[in-house]
Amino acid sequence: MSDIPVSLGVCFSDRQLYYAVSSNEETQALARIGKIDFNFDLLSCILGNDQDAFQAIVDNIDRIVKKYEVTNFRCLVPSFLETWSALPKSVYDQSSEREAYLRILKHGENRQHLEAYWFDMSNRDFRFLTVRNRIQSDRFAQLGDICSSTELCTEFEIGTKWMGITGSTDSFKAIGCYNDYISVSSYVMGKLRAATFIRYRYIEDLSYLWLQQASNLGWMNGVHDMVCYYGTNVYKVNEVLQHVTDGDSRQLRFDSLANMQVNAPEETYGFNLEEAFPAIILAH
């Protein structure tokens, strides 16, 4: 048996589960990339009370885990289930300040239900805070109970992990494109610079919402070497945002293994690879 641990990366969209499994024979390579279609909305079932539907998701993941002898389970948590904020490092350094800010940021919510995660940023004077609801996190974590270790990941970690895989130090903006929200992350010199997400009801409103958000977050309109797109709604999001994103930057869609700079045994798939990009990166 190989000593290389096997990782399973998973992400969800509507009725689809996307997954990728790392190779147990070669580091930085994938053994499998796939998609499973369900007849119900996955996120609603994960967070809801339909135990039969939830168990159906678990059973499918368990089959993948057993088939490929997976040890590490990594799952992407949708951005809109989290709260993001960039804070001065002085807030992070003092526990009383951290707790005071949490009370302000999540006013009215039970502290016992909150999980706070802190991330390094390119500006060392700041730390990036992500807050999750523990009850929701537990439901996602249960999907990987069969594995030795479980890791829940936030959207902007996808870009950070991609830089680790490729060794890229270019400045780039990553846009995760979904049916009712986008995540926007900026990276410079191999580190996270900033991140936000925008929820929308109608895709036609997205350019206006972008400009509104960018009026307070200058980095959104900053110059980047690349603007990278991935997710299940890339075509429409790219079409709407093409006039408000960096016009002189290289535009890159993660729709092929070559663009992702990853290796897998199959070159073509029955679905768009950009939809499975988070799962592919999490499997590494």
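For the structure, check the block above.
Just so it is clear, the model here is predicted, and its values are computed rather than measured.

**Q** What's the story with the packing of aromatic side chains in this structure? I'm lost.
**A** How two aromatic rings sit relative to each other is given by the distance of their centres and the angle of their planes. Within the structure shown, the criterion is met by 17 aromatic pairs. Taking 5.0 Å as the distance between ring centres and 80° as the angle between the ring planes, the aromatic pair formed by Phe 80 and Tyr 181 counts as edge-to-face. Of this pair, Phe 80 sits in the loop between β4 (72–76) and β5 (82–88) while Tyr 181 sits in strand β10 (residues 181–188), and the two are 101 residues apart along the sequence. When the ring of Trp 84 is compared with that of Phe 156, the centres are 5.1 Å apart and the planes differ by 80°; the resulting orientation is edge-to-face.

**Q** Explain the side chain of Arg 139 to me, please; I cannot follow it from the model alone.
**A** The topology assignment puts Arg 139 in helix α5 (residues 134–142). Despite being buried, Arg 139 has no salt bridge partner; Asp 50 is the closest side chain of opposite charge, sitting 8.1 Å away. Contacts of Arg 139, omitting those with residues within four sequence positions, involve Cys 45, Ile 46, Gly 48, Gln 51 and Phe 54.

**Q** Is there a simple way to think about the nonpolar core in this case?
**A** The nonpolar side chains of a soluble globular protein tend to be buried, and buried together. Ranked by internal contacts, the top residues of the largest apolar core, which has 42 residues, are Ile 33 and Ile 280. Among the elements that take part in this core, helix α10 (residues 273–282) stands out by supplying 7 residues, more than any other. Those residues in contact with Ile 280 that lie beyond four places of it in its chain are Ala 20, Leu 30, Ile 33, Met 260, Val 262 and Leu 273. Within the second largest apolar cluster, 30 residues are counted, among which are Val 6, Phe 38, Phe 54 and Leu 143.

**Q** Whenever I open this one, the pattern of salt bridges confuses me. Can you help?
**A** Opposite charge on two side chains permits them to pair, given that their charged atoms come into close proximity. Under the counting rule described, the total for this entry stands at 11 salt bridges. Here Arg 74 ties to Glu 151 by a salt bridge, and the two come within 3.1 Å at their closest N and O atoms. A residue pair is termed long-range when its members are at least 10 positions apart, and Arg 74 in strand β4 and Glu 151 in strand β8 (residues 149–153) qualify at 77 residues. Judged by relative accessible area, which is 14%, Arg 74 ranks as buried. Glu 151 gets classed as partly exposed once you look at its relative accessible area, which sits at 31%.

Definitions and limits used
Residues numbered from 1 in each chain as written. Predicted model: local features only at pLDDT ≥ 70, side-chain atom pairs only at ≥ 80, totals over all residues. Heavy atoms only, no water. Phe/Tyr/Trp six-rings, centres within 6.5 Å; stacked < 30°, edge-to-face > 60°. Helix = DSSP H or I, 4+ residues; strand = E, 2+ residues; numbered from the N terminus. Buried < 20%, exposed > 50% of the residue type's maximum accessible area, 1.4 Å probe, protein only. Lys, Arg positive; Asp, Glu negative; His and termini not counted. Salt bridge = Lys/Arg side-chain N within 4 Å of Asp/Glu carboxyl O. Contact = heavy atoms within 4.5 Å. Core = buried A, V, L, I, M, F, W, Y, C linked by side-chain atoms within 4.5 Å.

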